[in-house]
Amino acid sequence: MIVENNVPLQPYNSFGIVARAHNLARIANEADVAELRADLRWRDAPRFVLGGGSNIVITGDVKPLVLKVEIKGLRLVEETPRAWIVEAGAGEVWHEAIQWMLANGYPGLENLALIPGTVGGAPVQNIGAYGVELQDRFESLDAIDLDTGRTFTLDAAQCAFGYRDSVFKHVRSGPNDFGLSGRALITRVRFRLPKPWKAVVGYLDLERKMEETGNFTPSATDVFDWICAIRRAKLPDWRLLGNAGSFFKNPTVTPEQCADIIARDPKIVHYPMPDGTIKLAAGWLIDACGWKGKSVGNAGVYEKQALVLVNRGGLENPVTGGEVMTLAKAIQTSVYERFGIRLEPEPVVV
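Residues numbered from 1 in each chain as written. Predicted model: local features only at pLDDT ≥ 70, side-chain atom pairs only at ≥ 80, totals over all residues. Heavy atoms only, no water.

A. Spatial organisation of the pattern of salt bridges. Counted according to the given criterion, the structure contains 22 salt bridges. In this structure, R192 and E139 form a salt bridge, with 2.8 Å as the shortest nitrogen-oxygen distance. Of this pair, R192 sits in strand β12 (residues 184–194) while E139 sits in strand β10 (residues 138–145); the two residues are 53 residues apart in sequence, bridging distant segments of the chain. K292 is the salt-bridge partner of D287, the closest N and O atoms lying 3.3 Å from each other. D287 gets classed as partly exposed once you look at its relative accessible area, which sits at 33%. Where salt bridges share partners, they join E4, R26, K68 and E70 into one cluster. (Salt bridge = Lys/Arg side-chain N within 4 Å of Asp/Glu carboxyl O. Helix = DSSP H or I, 4+ residues; strand = E, 2+ residues; numbered from the N terminus. Buried < 20%, exposed > 50% of the residue type's maximum accessible area, 1.4 Å probe, protein only.)

Listed below in structure tokens is the structure:
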């Protein structure tokens, strides 16, 4: 196991922020973690687990030991009359893993196409889009406890999935708390893809695609292609314009709070949720406050989607993490002052 020193992290975060890791180890398998733990220099060192870097804002050089997860592998674990169980290494690129599954006849994740990042990051964030969340297709995952070196397996209930949330985003606060932030390195994830497959198209953009094409019985590949087209039209390619995807979570409010906002802003975009709460479109709130297209230094709000903050400086004069967070806080203040709503960032600030 070679631990690299002074490693540039600009290629490893989708915002393109310039920073360095004081030390970085590439984890290709479980044995690499065991080897690090056997080395007295690294056994008790602070650690930061890095996947695809698509959901982080780096605000300076990273002092903890960076564990860059590069575990590969895709395979069908089991097929039953009711589901395909497919396993993917945590270091696989998420979009490419979906492509492999579709090419091999295992549909079910097509609505999550083109979400940046790696397979291992997907359960941490409980990613979701266009009517499907990861928890809807999740079977189990394997991980390593970095404090003890032990491997363990979690099912969906143990992952404590919530809206863009999981046990991996919470710090352990006591002996009976199972918070795994900073403690776990996910190695493999298994998905339960239901049989028979059924298209999930009850989303306005997908309904429009059906109307446009006259195809009301789309295949999984059709849905995949539509999702890719929709996302490319709305969202910037991080390889061309650095970003971390949707920067804020869509807030939820009570029906009474929503009615109060509607009385003042009748056009507010909102969605009723199964639990009786109302989800508000964070992008609409930000746009209503006049932020679309605005910038703070080299951090900007994307012209086509106010929910996305972008790197306007490119590779030559890249945005800093400080600029991104200054812009984010200014947006939060504007939205709170107008609507009384506190927006919560999605990315992890490092």
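Moving on, there is more to tell.
B. Molecular detail of the sheet that holds strand β17 (residues 295–296). With antiparallel pairing, the four strands of this open sheet are ordered in space as β13-β19-β18-β17. Strands at the two margins of the open sheet, each flanked by one partner only, are β13 (243–246) and β17. Bridging between strand β18 (residues 299–301) and strand β19 (residues 308–311) involves three bridges; their strand directions are antiparallel. If you follow A299 over to β19, its bridge partner there is N311. (Pairing = 2+ DSSP bridges.)

C. Main features of helix α5 (residues 204–213). Along α5, the residues that are buried comprise D205, L206, K209 and M210. In an axial view of α5, the angular spread of the buried residues amounts to 145°, which keeps them on one side of the axis. Opposite the packed face of α5, turned more than 90 degrees from it, sit the exposed residues E211 and E212. The inward-facing, buried residues of α5 abut α6 (220–234). (Arc of directions from axis to C-beta. Contact = heavy atoms within 4.5 Å.)

D. Representation of the side chain of N23. Looking at the element boundaries, N23 is found in strand β2 (residues 20–27). Classification of N23 by relative accessible area gives buried; the value is 17%. For N23, the side chain forms a polar contact with the side chain of N5, separated by 2.6 Å. Residues in contact with N23, not counting those within four places in the same chain, are V3, E4, N5, W42, P64, L65 and V66. (Polar contact = N/O pair within 3.5 Å; in protein donor to acceptor, adjacent residues only side chain to side chain.)

E. Representation of the layout of surface pockets. Empty space within the second largest pocket amounts to approximately 720 Å³. Lining the second largest pocket we find 30 residues, and of these L114, P116, G117, W238 and R239 sit closest to its centre. Taken together, the elements giving at least two residues each to the lining of the second largest pocket come down to β5 (65–69), α2 (94–103), α6 and β13. At three residues, the largest contribution of residues to the lining of the second largest pocket is made by α2. Broken down by class, the residue content of the lining of the second largest pocket amounts to 11 nonpolar, 11 polar and eight charged. (1 Å grid on protein atoms, 1.4 Å probe; cavity = no way out; pocket = protein on both sides within 12 Å on 5 of 7 lines; lining within 4 Å. Points joined across faces, edges and corners; volume = space filled by probe spheres on them. Nonpolar A, V, L, I, M, F, W, Y, C, P; charged D, E, K, R; others polar.)

F. Representation of the side chain of S54 in the model. Mapped onto the fold, S54 is located in the loop between β3 (47–50) and β4 (56–57). Since its relative accessible area comes to 12%, S54 is described here as buried. Separated by 3.3 Å, the side chain of S54 and the backbone oxygen of P116 make a polar contact. Those residues within four positions of S54 in sequence are excluded, and the remaining contacts are S14, P116, G117 and A244.

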